[in-house]
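Secondary and tertiary structure notes
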Amino acid sequence: MIKVTFDTDKCKGCGLCVDACPKNCLAIADDKLNPKGYSPAFMKYQEKCIGCAFCATMCPDCIITIEK
Amino acid sequence: MAERILMKGNEAIAEAAIRAGCLHYFGYPITPQTEIAAYMAKKMPKIGGVFLQAESEIASINMVYGAAAAGMRVMTSSSSPGISLKSEGLSYIAGSDVPALVVNVQRGGPGLGGIQPSQSDYFQATKGGGHGDYRMIVLAPASVQEMASLTIKGFDLADKYCVTTMLLADGTIGQMMEPITFEDAEPTVYEKPWALTGTECKRPHNIVNSLYLKPDELEKKNFERFEKYAEIEKNEAMWEEYMMDDAEICVVAFGIASRIAKNAVAEARKEGIKVGLIRPITLWPFPTEVLKAAADKVKSFISVELSMGQMIEDVKLATECKRPVSLCNRTGGMIPTPEEVLSAIHKAEKGEF
Amino acid sequence: MAIVFEKPKSLTDAPFHYCPGCPHGIIHRLVAEAMDELGIEGKAIGVAPVGCAVMAYDYFSCDMIEAPHGRAPAVATGIKRCRPDNIVFTYQGDGDLASIGMAETVHSAARNENITVIFVNNAIYGMTGGQMAPTSLPGQVTQTSPYGRDVNHCGWPIKVSEMLATLEGPEYITRVAVNNVKNVKNAKKAIKKAFQNQIEGKGFSFVEVVSACPTNWGMTPKQALEWVESDMLPYYPIGVYKDRSEKEDAAK
């Protein structure tokens, strides 16, 4: 069981986590805006996640928490 | 027991600083104050203090900024061109409200100027130098004894108000030797809860900073700081009066110029001229009240300065231009003789300005 | 369930003001992770620069001071000489460290000042809106080199790590990058070592982090990281430029 949590309100939608994910689990929610006005990243394919933390490693805003 | 020693002015500053509990000195060589650095270089390693020769005046004032923020009694010293370089740091130190002592043993300017004594950094010391709304306490010693006692006083004032105290001396007093007395007193210790000591994870982090991007916050900070300055103006002005009781002419002079002026006043008194001297010891806060009161009694003022006339502006402001103020000055490293001052007194007596 | 990745404790809760995709946030996190892992948050005193990272004092939870432009190593020297038991670090950009503050950089290195210096090189002045930096690449277009940096007119970009490594003084000089996961992990190791060196009293430890500025480079965050790989790293190669202790150990 791997749980990836995004502090969505602080996300700036830069997409570096999406690019870093080796399993293409993540995406930018183009249809949503957070209070800062950005479309945030989210976990699209939870089942594919291997918990490598590459997304969190590349996230410039420290908004990703990973639990196993 | 008080100790009486024969010392050079610059060395008196250094020794007094150590006795005031200043164990951190950062400087850069420049004539005519390098004895201070040399004295510190010799003494500090032996008493567990820090002497460091920086790569520039700019670096040395920023080392002072760091040490002051870390809660230490700290000082630097320089002479006129070096103080220009330190001015950026002085502004940051003021904007961050940390205490420091900065010594300026003035030499002639502008530019590289000369290495002979001068008082032409009066404007720079009392009215800014660095950018922004800020003040420094400026102390003007007139003897080797005062080089020492005002250094100690300067540290206390800096710590008390979290400001920079500048000791505005000149090359003459710096190089002069006189007997002085050190009182046997323990340095006063001030609480510094804002200091950078490491949080030990027991308190919120301290931030020493002068950046306020929101204009209303910067304005508030400046207003607060000026309330502090108002307190200093109210409490800390220092001056000496000499033969002022019945004086009709008032000579105003500070530092080395005041000693020459005092001789001239004494000579003029022998001739029966009613003349006295007011010597500002603090140049900021300027002893405005005493000069204002004098303006109601005397007929005219003479400002004696080793500059093209800088303090004279404050004399005029303090006296609200109620009486004429004449200038008796030499500049560029030249020093007026007592005769020159006496002749200015003669002129004033005749009502010539 | 156990947390395997979270925001380090040495960072405050304040959200970073940096532009989307700006690697300053990654580098802040690496510094904070190193502090967490070494248990030095309570002893650390950080010095913020003038530049995009000017408000770093809001982000690190240790004691912080904001230095005049380029003077961070001098401020850090003042603190460290007074409080040798504290861990003192500067965090500076290329304009701050390699242009206006070059003298402070070189001399603190020459003195082997026992501090840690994190140097973020993204080849541009970010805060003022994208002007040419001392590390802007030949031909790089910036606001003040609109036709591309002409080295015959304004000189060559400075390789700070290579230059500092020629000095006898410093303990550790290394260049890392944060353009991909592998490089970020290596950058973390270098930053941690730079703090560990200070704890052990080894002296001046300098980590140049080749970074990106998507906003002022006029690129997406992804393109910017690709440009780091294709253009920055060939001019600024990753590597350890000086490691005195390792050299001495190897000689034994």
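Note that the structure is a prediction, hence the values are computed from the model and not measured.

Looking only at helices and strands, one finds 12 helices and 15 strands in chain B. C-alpha extents for chain B along the principal axes are approximately 70 × 50 × 40 Å. Buried positions account for 55% of the 353 residues belonging to chain B. Put simply, 79% of the contacts in chain B that link residues at least 6 apart link residues at least 24 apart.

Among the two pairs of chains that make contact, the interface with the largest number of contacts is formed by chains B and C. The two units chain A and chain B remain apart, with a minimum C-alpha distance of 20 Å.

Attention shifts here to the nonpolar core. Membership of the largest hydrophobic core comes to 216 residues, with the highest contact counts inside it found for Val251 and Ile345 of chain B together with Ile118 and Val209 of chain C. Residues lining this core come from more than one domain, with at least three contributed by each of domain 1 (3-235) and domain 2 (240-349) of chain B. If near-sequence neighbours (up to four positions away) are discounted, Ile345 of chain B is found in contact with Ile249, Val251, Ala264, Ala268, Ile273, Val275 and Ile302 of chain B.

Looking now at the packing of helix α1 (residues 24-38) of chain C against helix α8 (residues 181-199) of chain C. Residues and elements named next belong to chain C. Two numbers describe how α1 lies on α8: the axes approach to 9 Å, and their chain directions differ by 45°. One way to sum up the angle between α1 and α8 is to call them oblique. For the pair α1 and α8, the sense of crossing is right-handed. In this structure, α1 uses Ile26, Leu30, Val31, Glu33, Ala34, Met35, Glu37 and Leu38 to contact α8, whose residues at the interface are Val184, Ala187, Lys188, Ile191, Lys192, Phe195, Gln196 and Ile199.

On to the domain arrangement of chain B. Residue and element names in this part refer to chain B. In terms of domain boundaries, chain B breaks down into domain 1 (3-235) and domain 2 (240-349). The C-alpha centroid of domain 2 is placed 28 Å from the C-alpha centroid of domain 1. Listed by partner, the interface residues are 26 residues for domain 1 and 22 residues for domain 2. Elements that contribute at least two residues to the side of domain 1 that touches domain 2 include exactly α5 (122-126), β6 (137-139), β7 (164-170), α7 (171-175) and α8 (215-235). Here the element with the most residues in the side of domain 1 that touches domain 2 is α5; it accounts for four residues. Of the residues belonging to the side of domain 1 that touches domain 2, the class tally is 15 nonpolar, eight polar and three charged.

The next point concerns helix α12 (residues 338-349) of chain B. All names here are of chain B. Across its 12 residues, α12 extends 16 Å between first and last C-alpha, which sits within 8% of the 16 Å expected from 1.5 Å per residue. What α12 keeps buried is the set Val341, Leu342, Ala344, Ile345 and Ala348. The arc that holds the buried residues of α12, viewed along the axis, is 155°, so those residues lie on one side. Contacts made by the buried residues of α12 are with β11 (249-253), α9 (255-270), β12 (275-280), β14 (300-305) and β15 (325-329).

Right, let's talk about the sheet that holds strand β7 (residues 205-210) of chain C for a bit. Two orientations exist for strands paired in a sheet by backbone hydrogen bonds: parallel and antiparallel. Pairing is mixed across the open sheet formed by eight strands, whose spatial order is β9(B)-β3(C)-β2(C)-β4(C)-β5(C)-β7(C)-β6(C)-β8(C). Here the strands that pair on one side only, and so sit at the sheet edges, are β9 (207-208) of chain B together with β8 (239-243) of chain C. Pairing of β9 of chain B with strand β3 (residues 63-66) of chain C involves two bridges; the strand directions are parallel. Within β3 of chain C, the position partnered with Ile207 of chain B by the bridge is Met64 of chain C.

Taken together, the contacts link 25 residues of chain A with 23 residues of chain C. Mapped by element, the contributors of at least two residues to the side of chain A that touches chain C are α1 (16-20), α2 (54-58) and β4 (64-67) of chain A. Looking at the side of chain A that touches chain C residue by residue, the class counts come to 13 nonpolar, five polar and seven charged. Taken together, the two bridges between β4 of chain A and strand β1 (residues 3-5) of chain C define a ladder with antiparallel strand orientation. Within the sheet, the bridge partner assigned to Ile66 of chain A lies in β1 of chain C and is Phe5 of chain C.

In this section: the interface of chain B and chain C. Contact residues are listed per partner, giving 34 residues for chain B and 29 residues for chain C. Counting only elements with at least two residues in the side of chain B that touches chain C, the list comes to β2 (24-27), β3 (50-53), α3 (57-69), α4 (80-96) and β9 of chain B. The element contributing the most residues to the side of chain B that touches chain C is α3 of chain B, with nine residues. Residues of the side of chain B that touches chain C, tallied by class, amount to 19 nonpolar, 12 polar and three charged.

With that settled, consider the pairing of strand β2 (residues 44-48) of chain C. Residues and elements named next belong to chain C. Extensive coverage of β2 is indicated by the burial of five of its five residues. Going residue by residue along β2, you find Ala44, Gly46 and Ala48 tucked away on one face and Ile45 and Val47 tucked away on the opposite face as well. Bridging between β2 and strand β4 (residues 87-93) involves four bridges; their strand directions are parallel. Note that in β4 the partner of Gly46 across the bridge is Phe89. Bridge analysis of β2 against β3 gives four bridges, and the strand direction is parallel. By the bridge assignment for β3, Gly46 is matched with Met64.

This next bit is on the environment of Glu37 of chain C. All names here are of chain C. Relative to the helices and strands, Glu37 resides in helix α1. Using a count of 14 C-beta atoms within 10 Å as the deciding quantity, one classes Glu37 as partly exposed. Separated by 29 residues in sequence, Glu37 and Pro8 place their C-alpha atoms 9.3 Å apart.

Conventions used here
- Residues numbered from 1 in each chain as written.
- Chains lettered and ligands numbered in written order.
- Predicted model: local features only at pLDDT ≥ 70, side-chain atom pairs only at ≥ 80, totals over all residues.
- Helix = DSSP H or I, 4+ residues; strand = E, 2+ residues; numbered from the N terminus.
- Buried ≥ 20, exposed ≤ 12 C-beta atoms within 10 Å, placed from the backbone.
- Contact = placed C-beta atoms within 7 Å.
- Core = buried A, V, L, I, M, F, W, Y, C linked by C-beta atoms within 7 Å.
- Domains from an automatic or database assignment.
- Axes fitted to C-alpha atoms, helices over the stretch in contact; angles between N-to-C directions.
- Parallel < 35°, antiparallel > 145°, perpendicular 65-115°, else oblique.
- Left-handed = near helix turned anticlockwise from the far one by under 90°.
- Nonpolar A, V, L, I, M, F, W, Y, C, P; charged D, E, K, R; others polar.
- Expected span 1.5 Å × (residues − 1).
- Arc of directions from axis to C-beta.
- Pairing = 2+ DSSP bridges.

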